[in-house]
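Examining the three-dimensional arrangement
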2 protein chains.
Amino acid sequence: MATVDSTASRHVSAVGGWDLEADVVVVGLGSAGACAAIEATEAGADVLVLEATGAGGGLSAMSGGLVYLGGGTPIQEACGFEDSPDNMFAFLREATGPSPDEAKLRVFCDDAVAHYHWLVDHGMPFHPGFSPEPGLEAPTEDALCYSGGEDAWPFDRIATPAPRAHKPKVAGKGGPFLMECLLGAVARTPTRVEYDSRARHLVVDDARRVVGLVARREGRDVHVRARHGVILCSGGFVLNDDMVALHTPALARAALKLGAVDDGSGIRMAQAVGATTVRMDAAECALPITPPRKLVGGIIVNGSGQRFINEDTYYGRVGQEALLRQGGEAYLIVDEALYEVNAAGFQASWVCETAEELEAEIGLPDGSLVETLDSYNRGAAEGRDPRFHKHPDFLRPLQGPLGAYDLRVEHTIYAVFTLGGLHTTIDGEVLTPDGEAVAGLYAAGRTTSGLAAYGYASGLSLADCTYFGRRAGRRVADRP
Amino acid sequence: MATVDSTASRHVSAVGGWDLEADVVVVGLGSAGACAAIEATEAGADVLVLEATGAGGGLSAMSGGLVYLGGGTPIQEACGFEDSPDNMFAFLREATGPSPDEAKLRVFCDDAVAHYHWLVDHGMPFHPGFSPEPGLEAPTEDALCYSGGEDAWPFDRIATPAPRAHKPKVAGKGGPFLMECLLGAVARTPTRVEYDSRARHLVVDDARRVVGLVARREGRDVHVRARHGVILCSGGFVLNDDMVALHTPALARAALKLGAVDDGSGIRMAQAVGATTVRMDAAECALPITPPRKLVGGIIVNGSGQRFINEDTYYGRVGQEALLRQGGEAYLIVDEALYEVNAAGFQASWVCETAEELEAEIGLPDGSLVETLDSYNRGAAEGRDPRFHKHPDFLRPLQGPLGAYDLRVEHTIYAVFTLGGLHTTIDGEVLTPDGEAVAGLYAAGRTTSGLAAYGYASGLSLADCTYFGRRAGRRVADRP
């Protein structure tokens with residue numbers, strides 16, 4: 001039952017001597033760790049970062065680079081979109097629930113414009129342009145796009161739609177450039193970074209206060225003292241098969257697990273000193289149906305041949321529904337006018353003249369697709385979608401011949417990562433199940449449950465990492 | 001953020017002296033604690049039970065008293081049902097998944113007949129009679145009923161249907177009698193029981209081994225030494241609003257939370273010494289549509305006016321689907337031939353001549369109920385349900401006038417309790433997130449994640465509590 005890499009805590013009396021010391025010890029040099037280190041050093045603390053691999057970046061460097069920001073950023077204003085902290089909060093509370101961490105949402109929405117300026121001031125430029133393709137970083141340098149179904153039902157009725165995903169100024173995928181900016185900012189501080197150093201055990205004193213950690217480097221234990229505290233920014237657990245099976249088993253079925261060092265070691269080290277985890281079942285499951293956007297004019301059905309969502313919402317929401325609530329079985333049905341091999345290479349696995357033939361080919365229940373398509377087409381002809389409220393722009397009756405994309409989890413790309421993790425305050429303090437802070441221990445990023453409690457929008461994780469990384473860094477630096 | 005009742009661990013050096021001592025200290029005198037105590041004393045250990053309330057029983061005493069047993073028990077044989085451990089395992093693996101604890105399922109299925117005899121030998125009689133009403137304890141003394149949709153799709157194709165819920169020999173609700181039997185068995189052993197004693201903190205030594213606990217009695221701390229170990233049998237967490245909000249928020253909406261002392265204190269005490277929790281989102285949500293059984297001849301639709309399950313499966317499965325995957329919105333539609341106020345008092349909130357009027361009254365999307373009913377009626381007329389495979393016995397076209405029962409979670413009874421908890425071995429050893437045993441600490445029952453990983457069948461929790469309570473008791477007693 002025991003996994004290889006124990007993360008049990010060590011008592012300080014077992015530490016012969018400290019190999020390294022700092023006020024603040026940060027575990028992991030992704031976007032959360034980088035921002036924690038920058039803030040802590042700027043607040044006057046002596047900071048040491050331990051990075052498990054040979055270079056900083058983490059999963060952030062592999063991402064699209066979208067950062068969820070809003071409430072009226074200069075980029076939103078330049079592109080002609082109105083937004084406010086309250087409007088942003090109204091959207092996020094609904095989109096990330098049920099029962100999201102409202103304290104985190106509130107402080108983030110109130111500070112999002114200031115956080116934008118902080119990123120700019122620390123060397124991350126944004127180009128004021130809007131990309132009409134939602135959910136995905138523009139091929140151009142344009143910063144802004146919709147990324148969470150803000151302009152789709154039901155969110156368009158809950159808050160005024162505003163695009164909020166901000167990509168740093170670079171053409172195409174923005175993650176590498178985003179981390180280049182943040183690592184550059186780290187390099188301009190006196191932060192020390194130790195690479196190839198994998199944190200394994202927290203060190204506690206008699207009062208169970210975290211006073212350091214043991215890291216593994218070149219096959220040897222390195223003992224690191226943290227005078228103020230340790231900040232865990234070591235990612236989630238999507239690459240830990242045992243943890244996935246026990247907490248969010250549907251993810252095991254997804255082919256593309258988005259992780260860097262995301263083995264859950266930070267979460268486990270904290271649990272060993274009494275921390276609790278929350279929302280461990282939560283996960284993002286992007287199902288990249290678009291681009292091209294016109295494909296949302298098709299219908300997506302489950303294994304019973306029923307629609308289950310408005311196809312024009314965020315494709316991460318479609319993926320969550322399909323994988324977590326429809327058993328990982330879905331099919332996208334289009335007609336000839338819509339058909340195209342999409343950007344991710346998705347193509348039709350079946351093509352038939354009629355819905356009746358198509359449902360038989362796919363193996364859907366008799367009559368199910370015929371009925372669903374009839375119903376959809378009747379509404380679409382009138383510009384209506386009474387069940388799921390797809391926007392009229394994408395409503396048009398589908399005519400044979402029909403093609404079906406196989407969106408079953410075992411047959412296509414679901415890009416997944418975990419959203420559950422340590423329970424933390426808005427300042428990164430790691431909590432016990434009783435809601436008490438573990439002395440000397442802090443965390444940020446995907447090691448924690450953050451802005452995206454259950455639902456998701458592209459850019460929320462980088463927003464969470466950078467903003468709450470900063471807050472944790474400042475909090476630990478300020479400790480007496 | 002901090003809740004009132006801290007469960008932080010205490011170091012043994014802070015314990016001035018022990019007020020009580022035993023080889024084995026059991027926390028909680030529900031069915032798990034009772035069985036743990038019986039086994040441990042029979043294995044020669046000196047056992048002390050701490051019960052938070054003034055009497056034993058816990059949630060088990062408030063239950064229907066069904067115990068899930070099978071593999072060919074004398075009761076099954078007397079009633080003419082064939083079963084085997086492998087057949088039972090095949091059903092449970094499918095019904096309790098995804099990714100259930102197969103080690104627990106395997107050992108339980110192999111031992112279920114022996115466990116039946118153990119219960120009988122310890123004073124729990126069973127009457128060999130079969131009750132045709134599934135999911136619910138018979139009004140007679142008859143023991144046996146279907147309780148997990150064993151004879152409904154898809155399980156009837158995965159394993160040979162066999163009823164496995166066994167009620168002790170008493171007319172009607174069996175929980176009080178079941179606990180009377182078990183508490184009688186405890187009373188025949190030298191087990192000591194301290195009532196009104198609420199365990200609050202585990203006590204650990206320098207090696208972080210659990211060596212006792214601190215309980216609260218009459219406003220004072222009582223220090224209890226456990227020479228072999230502590231067994232936590234203190235229930236789940238459905239009565240802890242904070243934990244529900246953080247782990248399984250949909251349950252907060254349910255009116256009927258099935259709990260006794262289920263405040264999560266056992267789970268939290270264990271977390272404080274490094275234990276991990278698993279499947280904390282899992283929950284049972286019984287939606288007592290039947291009896292009468294004829295009501296499953298109606299159709300259940302969600303907020304989009306779509307069916308989502310075969311109505312003749314276990315009503316706990318219907319409730320889980322409705323609450324956890326359909327947003328807590330469902331309606332049962334029947335015609336005049338089926339209509340009846342059910343045993344739980346459910347009655348029609350709307351009655352209309354046609355589906356069109358009814359969908360408008362309920363507020364379902366235009367045309368949705370008309371289409372769903374047309375589709376259902378077409379199949380039913382041919383004895384077919386191609387989408388959800390309801391058994392032909394319950395398929396008959398529904399004719400107006402139609403009545404609709406309001407099954408929205410805020411408008412009816414969902415009876416819920418938590419299934420997630422501590423991660424334990426088949427012998428009750430409490431595990432860290434790395435899969436290592438916490439020395440001196442054991443658990444059973446709803447404090448743990450057990451036989452019912454996600455799915456449920458009536459009787460599984462009492463089976464889990466009694467069987468794995470026994471195993472934990474024996475394991476701790478046998479410790480050197």
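Predicted, not measured: the structure shown is a model, and the values here were computed from it.

Definitions and limits used
- Residues numbered from 1 in each chain as written.
- Chains lettered and ligands numbered in written order.
- Predicted model: local features only at pLDDT ≥ 70, side-chain atom pairs only at ≥ 80, totals over all residues.
- Heavy atoms only, no water.
- Helix = DSSP H or I, 4+ residues; strand = E, 2+ residues; numbered from the N terminus.
- Rg over C-alpha atoms; globule rule 2.2 N^0.38 Å.
- Buried < 20%, exposed > 50% of the residue type's maximum accessible area, 1.4 Å probe, protein only.
- Contact = heavy atoms within 4.5 Å.
- Areas by Shrake-Rupley, 256 points an atom, 1.4 Å probe, with all protein chains shown as cover.
- Lys, Arg positive; Asp, Glu negative; His and termini not counted.
- Charge placed at Lys NZ, Arg CZ, Asp CG, Glu CD.
- Least-squares fit on C-alpha atoms with pLDDT ≥ 70 in both.
- Domains from an automatic or database assignment.
- Buried area = accessible area lost by both parts, 1.4 Å probe.
- Pairing = 2+ DSSP bridges.
- Axes fitted to C-alpha atoms, helices over the stretch in contact; angles between N-to-C directions.
- Phe/Tyr/Trp six-rings, centres within 6.5 Å; stacked < 30°, edge-to-face > 60°.
- Lys NZ or Arg CZ within 6 Å of the ring centre and 35° of its normal.
- Salt bridge = Lys/Arg side-chain N within 4 Å of Asp/Glu carboxyl O.
- Parallel < 35°, antiparallel > 145°, perpendicular 65-115°, else oblique.
- Left-handed = near helix turned anticlockwise from the far one by under 90°.
- Nonpolar A, V, L, I, M, F, W, Y, C, P; charged D, E, K, R; others polar.
- Expected span 1.5 Å × (residues − 1).
- Polar contact = N/O pair within 3.5 Å; in protein donor to acceptor, adjacent residues only side chain to side chain.
- Disulfide = S-S within 2.5 Å.
- Patch = residues over 30% accessible without salt bridge, like charges linked within 9 Å, V, L, I, M, F, W, Y side chains within 5 Å.

**Things to note about the overall build of chain A**
A count of helices and strands for chain A gives 12 helices and 22 strands. Here the C-alpha atoms of chain A give a radius of gyration of 23 Å, agreeing with the 23 Å that 2.2 N^0.38 yields for 480 residues. With respect to the three principal axes, the spread of C-alpha positions in chain A is 75 × 55 × 35 Å. Out of the 480 residues in chain A, the part that is buried amounts to 64%. The contacts of chain A with a sequence gap of at least 6 include a subset with a gap of at least 24, amounting to 75%. Surface exposure of chain A reaches about 15,700 Å², of which carbon and sulfur atoms provide 50%. In chain A, 41 positive and 64 negative side-chain charges are present, and the distance between their average locations comes to 5 Å.

**Remarks on the relation of the copies chain A and chain B**
Of the transformation placing chain A onto chain B, the axial shift is 0.0 Å and the rotation is 180 degrees, giving an RMSD of 0.0 Å. Look at the turn and shift together and you get a two-fold axis relating the two. Both copies share a contact surface, since 100% of the interface residues of chain A are interface residues in chain B too.

**Some thoughts on the domain arrangement of chain A**
All names here are of chain A. Entries for chain A in the domain assignment read domain 1 (10-62 + 177-284 + 415-477), domain 2 (67-172) and domain 3 (288-406). On a C-alpha basis, the centres of domain 1 and domain 2 stand 25 Å from each other. Each side of the interface is counted separately: domain 1 has 34 residues, and domain 2 has 30 residues. Here domain 1 and domain 2 share an interface that buries about 2,500 Å² over both sides, 67% of which is from carbon and sulfur atoms.

**Topic: the sheet that holds strand β14 (residues 283-286) of chain B**
All names here are of chain B. With respect to topology, three strands assemble into an open sheet ordered β12-β19-β14, the strand pairing being mixed. In this open sheet, the two edge strands, each paired with only one partner strand, are β12 (256-257) and β14. The pairing of β12 with strand β19 (residues 415-418) spans two bridges and is parallel. Bridge pairing in β19 places lysine 257 opposite valine 416. Strand contacts of helix α9 (residues 315-325): β14 and β19, with the helix running at about 110 degrees to β14, the strand carrying the most contacts.

**Describing the packing of aromatic side chains**
Overall, the coordinates contain 24 aromatic pairs over all chains when judged by the stated rule. Pairing Tyr68(B) with Phe91(B) gives two aromatic rings, centres 6.4 Å apart and planes at 15 degrees, and the pair type is stacked. Here Tyr68(B), found in strand β4 (residues 67-68), pairs with Phe91(B), found in helix α3 (residues 85-95); they are 23 residues apart in sequence, far enough to count as distant. For Phe91(B), a relative accessible area of 2% gives the class buried. A cation over an aromatic ring shows up here: Arg106(A) above the ring of Phe89(A), its NZ or CZ 4.6 Å from the ring centre.

**Section: the interface of chain A and chain B**
By a widely used convention, the size of an interface equals the accessible area lost when the partners come together. With 48 residues of chain A in contact, the opposing surface of chain B contributes 48 residues. With both chains or domains summed, chain A and chain B bury close to 4,100 Å², and 47% of this area falls on carbon and sulfur atoms. Applying the counting rule to chain A against chain B returns eight salt bridges. For the salt bridge of Arg268(B) with Asp434(A), the shortest nitrogen-to-oxygen distance reads 2.9 Å.

**A closer look at the packing of helix α1 (residues 31-42) of chain A against helix α6 (residues 175-187) of chain A**
Residue and element names in this part refer to chain A. Between α1 and α6, the least distance of the axes is 9 Å, while the angle of their chain directions is 25 degrees. Put simply, α1 runs roughly parallel to α6. Along this stretch, α1 crosses α6, giving a crossing that reads as left-handed. Residues Ser31, Ala34, Cys35 and Ile38 of α1 form the contact with α6, whose participating residues are Leu178, Met179, Leu182, Ala185 and Val186. Considering only residue class, the contact of α1 with α6 consists of eight nonpolar, one polar and no charged.

**Quick notes on the packing of helix α4 (residues 102-121) of chain A against helix α12 (residues 460-477) of chain A**
Residue and element names in this part refer to chain A. Close contact between α4 and α12 brings their axes to 10 Å; oriented N to C, the two are set at 90 degrees. Judged by the angle between their axes, α4 and α12 are roughly perpendicular. Each of Lys104, Val107, Phe108, Asp111, His115, Trp118 and Leu119 in α4 lies in contact with α12, whose residues at this interface are Ala463, Thr466, Tyr467, Phe468, Arg470 and Arg471. Along the lines of polarity and charge, the residues of the contact of α4 with α12 split into seven nonpolar, two polar and four charged.

**Description of the environment of Phe237(B)**
Residue and element names in this part refer to chain B. Positionally, phenylalanine 237 belongs in the loop between β11 (220-232) and α7 (241-247). Separated by 184 residues in sequence, phenylalanine 237 and glycine 421 have C-alpha atoms that sit 8.4 Å apart. The contacts of phenylalanine 237, once residues within four sequence positions are left out, are Met243, Val244, His247, Thr248, Asp262, Asp263, Gly264, Ile267, Met280, Thr418 and Gly420.

**A closer look at helix α12 (residues 460-477) of chain B**
Here α12(B) is 18 residues long and its end C-alpha atoms lie 25 Å apart, about the 26 Å a rise of 1.5 Å per residue gives. Within α12(B), 15 of the 18 residues are buried, which leaves it mostly tucked inside the rest of the structure.

**Concerning the side chain of Gln76(B)**
Residues and elements named next belong to chain B. Residue position: glutamine 76 is located in helix α2 (residues 74-78). Judged by its relative accessible area of 0%, glutamine 76 is buried. Among the polar contacts made by the side chain of glutamine 76, one reaches the main-chain amide nitrogen of glycine 71 at a distance of 3.4 Å. Setting aside anything within four residues of it in sequence, one finds glutamine 76 in contact with Leu69, Gly70, Gly71, Phe81, Asp83, Leu144, Ala162, Pro163, Arg164 and His166.

**Things to note about the sheet that holds strand β15 (residues 299-301) of chain B**
All names here are of chain B. Pairing in this open sheet of four strands is antiparallel, and the strands run β15-β16-β18-β17 from one edge to the other. Of all strands in the sheet, those with a lone pairing partner are β15 and β17 (348-352), marking the two edges. Put simply, the sheet's adjacent strands are angled 25 degrees from each other on average, direction ignored. As judged from the five bridges shared by strand β16 (residues 331-335) and strand β18 (residues 402-406), these two strands associate in the antiparallel manner. Across the sheet, residue leucine 332 finds its bridge partner in β18, namely tyrosine 405. Across the sheet, helix α10 (residues 355-362) is in contact with β16, β17 and β18; its angle to β17 comes to roughly 140 degrees.

**As for the state of the cysteines**
Summed over all chains, the structure comprises zero disulfides over all chains. We note that Cys233(A) lacks a disulfide partner, and the nearest cysteine sulfur, in Cys465(A), lies 8.0 Å from it.

**Some details on unusual backbone geometry**
Here the amide bond leading from Thr290(A) into Pro291(A) is cis, since omega sits at -5 degrees, within 30 degrees of zero. For Asp196(B), which is not glycine, the phi torsion reads 50 degrees and is therefore positive. Examined against the element boundaries, Asp196(B) turns out to sit in the loop between β8 (192-194) and β9 (198-204). Asp196(B) gets classed as partly exposed once you look at its relative accessible area, which sits at 46%. Located in the positive-phi region is Arg208(B), a residue other than glycine, with phi close to 65 degrees. Mapping Arg208(B) onto the fold places it in the loop between β9 and β10 (210-217).

**So, a negative patch on the surface**
Side chains of Glu336(A), Glu353(A), Glu356(A), Glu357(A) and Glu361(A) sit close together on the surface and give a patch of like negative charge. Along the chain, Glu336(A) falls in the loop between β16 (331-335) and β17 (348-352).

**Quick word on the pattern of salt bridges**
Residue and element names in this part refer to chain A. On inspection of all chains with the given rule, the structure shows 64 salt bridges over all chains. Between arginine 106 and aspartate 110 there is a salt bridge; the shortest N-O distance is 2.9 Å. Here arginine 106 pairs with aspartate 110, and both are found in helix α4, just four residues apart, close to one helical turn. The partly exposed category is assigned to arginine 106, whose relative accessible area is 27%. Using a relative accessible area of 43% as the deciding quantity, one classes aspartate 110 as partly exposed. One network of salt bridges, with partners in common, ties together Glu21, Asp23, Asp46, Arg192, Arg225 and Arg227.

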